[in-house]
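One-letter residues, chain by chain:
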Amino acid sequence: MGTEHSKNEERRSMVFLRKGPKLPAWEDALLAGREPKSLLKRGLRYVSLSLIMKGMTSTPDFLWGLHEVQKLNLSRNQLVVIPPSLGKLDRLVVLNLGGNCLKCLPKEIGLLRNLKVLFVNMNCLKEVPAELSLCRKLEVLSLSHNCISQLPLSFTDLTSLRKLNLSNNRFVQIPLCIFTLRSLDFLHLGSNKLENIAESIQYLVNLQIFIVENNNIRSLPRSLCYVSTLELLNVDYNAIQTLPDDLYLLRRLRRIAWNPMDKGLHIAHNPLSRPLPEVVEGGLDVLFNYLRDKKEHN
C-alpha cells in the first residue's frame with residue numbers, strides 16, 4: 001500500500017513538473033551551458049536579441065557582453081533601471097524599452113552613436129537625459145505614456161529625427177526645441193495639457209502628420225496654415241471655437257476624417273461657433289470654400 005502511494009505521488013510530481021512554467025529562453029540557455037551568443041538571431045539586416053515578456057526586474061549581466069547586437073528588445077518586462085553598461089552596446093540601431101517601470105535613462109545612452117530607433121513608451125520617465133541628443137542618427141523616438149513635461153534644449157541636435165511621439169505625457173506647451181527639428185514628418189502630442197500651438201509650428205516644413213487631440217487648445221495659429229505638407233491634422237477633443245481663414249491653404253488635407261487612422265482633418269468634439277458645425281458637416285470642400293469667402297469679404 002505504501003509503495004503504491006509513493007508511486008502515485010511520484011506520478012503527480014512528474015505531471016506538475018511537466019506543466020510548470022518554462023524557463024525564459026536566456027536562463028534555459030545558461031543552465032544548459034550554452035554560449036549566450038547563441039541567443040542572437042542573425043537576420044538580413046540586423047543581429048537581434050529579443051527578451052520580451054520575460055518577467056525580468058533587472059537585466060542579465062551577460063547582455064552587456066553581446067557587442068554584436070544591433071536590435072535589442074527588452075519591452076514588456078518589469079525593469080526599474082537600465083545600467084550604464086548599456087553604453088557598451090555601441091552597435092545598437094534599434095532599442096525597445098517600452099512597457100517597463102523605468103524612471104530614468106542612463107546618460108550612457110549617448111554612447112549609442114548608431115541608434116536610429118528608440119522606444120521608451122509606457123514607462124515612468126519624468127525627464128529625458130540631455131545625452132540622448134548625442135545619438136545624431138536617431139530617426140524614430142517614442143516617449144509616449146510617461147510623465148514628461150519638458151525636453152532638454154540639446155534636442156535641437158537631433159537633426160535626423162523624423163518621427164516623434166510624446167503623447168500621454170504632461171506637456172503644457174510644445175517644447176521650443178521641437179520647432180528646430182526640420183526633418184520631422186510625424187509629431188504626436190495627443191493627450192497632454194497643451195493650451196495652444198506656437199506660431200513657430202510653421203518651421204516644421206516637412207510635417208505630414210500632426211496629432212494634438214485631447215488637449216485644451218482653444219485656437220489654431222495662422223502659421224499652421226503654411227505647413228503645406230500636412231496630410232493629417234488631428235485636433236479632436238479640444239476647446240476650439242474658430243478656425244483660421246487660411247486653413248484652405250492646407251491642400252493635402254483631402255477630407256474631414258472621422259476614423260483615427262484616416263488622413264485628413266480631424267476636428268470632432270470641439271465647441272465650434274456657428275455656422276462652423278453645419279459647414280463641417282458638408283465636408284472639407286464646403287469648409288474651405290466658406291473660409292476662403294470669409295477671408296475675401298473681410
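Residues numbered from 1 in each chain as written. Predicted model: local features only at pLDDT ≥ 70, side-chain atom pairs only at ≥ 80, totals over all residues. Heavy atoms only, no water.

In this structure, what is going on with the packing of aromatic side chains? I would like to understand it.
Aromatic ring pairs are described here by two measures, namely the spacing of the ring centres and the angle between the planes. All told, the structure shown has 0 aromatic pairs when counted by the stated rule. Taking NZ or CZ as reference, R292 lies 4.6 Å from the ring centre of Y248, over its face. (Phe/Tyr/Trp six-rings, centres within 6.5 Å; stacked < 30°, edge-to-face > 60°. Lys NZ or Arg CZ within 6 Å of the ring centre and 35° of its normal.)

What is the right way to look at the sheet that holds strand β11 (residues 264–266) in this model?
Strand pairs in the sheet, formed through backbone hydrogen bonds, run parallel or antiparallel to each other. Ordered in space as β1-β2-β3-β4-β5-β6-β7-β8-β9-β10-β11, the 11 strands form an open sheet in which the pairing is mixed. Where the open sheet ends on each side, the last strands, each with one partner, are β1 (41–42) and β11. Here strand β8 (residues 186–188) pairs with strand β9 (residues 209–211) via 3 bridges, running parallel. Its bridge partner lying in β9, H188 is registered against I211. (Pairing = 2+ DSSP bridges. Helix = DSSP H or I, 4+ residues; strand = E, 2+ residues; numbered from the N terminus.)

Got a minute to help me understand the nonpolar core in this structure?
Grouped burial of nonpolar side chains is what soluble globular proteins tend to show. Judged by nonpolar contacts, the single largest core of 82 residues is most densely connected at L151, F210 and L287. Elements supplying a minimum of two residues to this core: β2 (47–50), α3 (276–281) and α4 (284–296). Ranked by residue count, the leading element in this core is α4, at 4 residues. Not counting residues up to four positions away in its chain, the partners in contact with F210 are I174, L187, I197, I201, L224, L230, L232, L233 and N234. Counting residues in hydrophobic clusters, the runner-up holds 5 residues, among them Y46, V94, V117 and V140. (Core = buried A, V, L, I, M, F, W, Y, C linked by side-chain atoms within 4.5 Å. Buried < 20%, exposed > 50% of the residue type's maximum accessible area, 1.4 Å probe, protein only. Contact = heavy atoms within 4.5 Å.)

I'm lost on the pattern of salt bridges in this one. Help?
Opposite charge on two side chains allows them to pair when their charged atoms are near. Per the stated rule, a full pass over the model turns up 13 salt bridges. Between D185 and R162 there is a salt bridge, with the nearest N and O atoms lying 3.5 Å from each other. Taken together, the residues D185 in the loop between β7 (163–165) and β8 and R162 in the loop between β6 (140–142) and β7 connect sequence positions 23 residues apart. Owing to a relative accessible area of 14%, D185 belongs among the buried residues under this scheme. In this structure, D245 engages K294 in a salt bridge whose closest nitrogen and oxygen atoms are separated by 3.0 Å. Of the two residues, D245 is situated in the loop between β10 (232–234) and β11 and K294 in helix α4; the sequence distance between them amounts to 49 residues. Ionic contacts of the salt-bridge type, sharing partners, join the residues E139, R162, K163 and D185 into one network. (Salt bridge = Lys/Arg side-chain N within 4 Å of Asp/Glu carboxyl O.)

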